[in-house]
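Here is what each chain is made of, one letter per residue.
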Amino acid sequence: MEILIEKSDLTKLHVDAIVNAANESLLGGGGVDGAIHRAAGSELLQECKKLNGCPTGEAKITKAYLLPAKHVIHTVGPIWKGGNCNEKQLLKNCYKNSIRLAENLNLESIAFPNISTGVYGFPKKDAAEIAIKTIKEEAKQLKSIRKIIFCIFDDENLNIYQNLL
Ligand code: AR6
């Protein structure tokens, strides 16, 4: 079992599943969500329309179409509202539910973006601590997943993850 940090674009990774930091509509948006939909092509949106959205903290899976990954796991991070609206637990749920979904489908590799740390404004260090702690806890129970990548896009998150891992 490997847990890795990789500074790259999530849409370029050859893994069984990439995780999308989506919104509750699952109908696309900016940031990594926009990049994933652009790279996957319009069939991804067609499949997402059939999912009837996704509550914050939960996760749903689709095919990945034109992406090099095999699947996209769409999860919805919390919008940061100051920390008293259950944001930490909801962010934990995103990592937990996404990796369990991948494990239940016998996938072997998964890559996460830094969920909620862009437009949704979650403090980056707190988000990284939650992400790493949750994945390490989950890793103890995993059988099929052999490789977990934290795919990092910006230097601030890269510094934080390098210090924490
Ligand atoms: N590959 C990897 N990481 C990326 C990429 C990429 N191509 N592009 C951005 N990031 P954000 P959120 C990083 O804003 O905060 C969307 O509109 C970025 O540096 O994409 O969860 C959705 O539709 C940041 O660290 O997601 C929602 O409405 C991280 O991805 C809303 O944004 C997350 O930033 C979700 O906000």
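Keep in mind that what you see is a predicted model, and the values were worked out from it rather than measured.

Visitor: Break down the pattern of salt bridges for me, citing the residues and quoting the values.
Guide: Overall, the coordinates contain eight salt bridges when judged by the stated rule. The salt bridge partner of Lys-7 is Asp-155, with a shortest N-O separation of 3.2 Å. Note that Lys-7 is positioned in strand β1 (residues 2–7) and Asp-155 in helix α5 (residues 155–164), a separation of 148 residues in sequence. For Lys-7, a relative accessible area of 44% translates into the label partly exposed. One salt bridge connects Lys-124 with Asp-154, and the closest N-O pair in it is separated by 3.1 Å. Of this pair, Lys-124 sits in helix α4 (residues 124–139) while Asp-154 sits in the loop between β6 (147–152) and α5, and the two are 30 residues apart along the sequence.

Visitor: Go over the UniProt feature "domain: Macro" (unreviewed entry) in the protein with me, naming the residues and quoting the values.
Guide: Residues given the UniProt feature "domain: Macro" (unreviewed entry) here are residues 1–165. Along residues 1–165 one finds 38% helix and 20% strand; the C-alpha atoms at either end are 15 Å apart.

Visitor: Can you explain the nonpolar core? Please cite residues and give values.
Guide: Taken as a class, soluble globular proteins show a tendency for nonpolar side chains to be buried jointly. If you look at the biggest cluster of nonpolar residues, it comprises 28 residues, and the most contacted ones within it are Tyr-95, Ile-99, Ile-110, Phe-112, Ile-148, Phe-150 and Tyr-161. When residues of this core are traced back to their parent elements, those giving at least two are β2 (17–22), α3 (87–104), β5 (109–112), α4, β6 and α5. For this core, the element with the highest residue contribution is α4, accounting for seven residues.

Rules of the game
Residues numbered from 1 in each chain as written. Predicted model: local features only at pLDDT ≥ 70, side-chain atom pairs only at ≥ 80, totals over all residues. Heavy atoms only, no water. Salt bridge = Lys/Arg side-chain N within 4 Å of Asp/Glu carboxyl O. Helix = DSSP H or I, 4+ residues; strand = E, 2+ residues; numbered from the N terminus. Buried < 20%, exposed > 50% of the residue type's maximum accessible area, 1.4 Å probe, protein only. UniProt positions renumbered as here; feature names shortened; annotations may be inferred. Core = buried A, V, L, I, M, F, W, Y, C linked by side-chain atoms within 4.5 Å.

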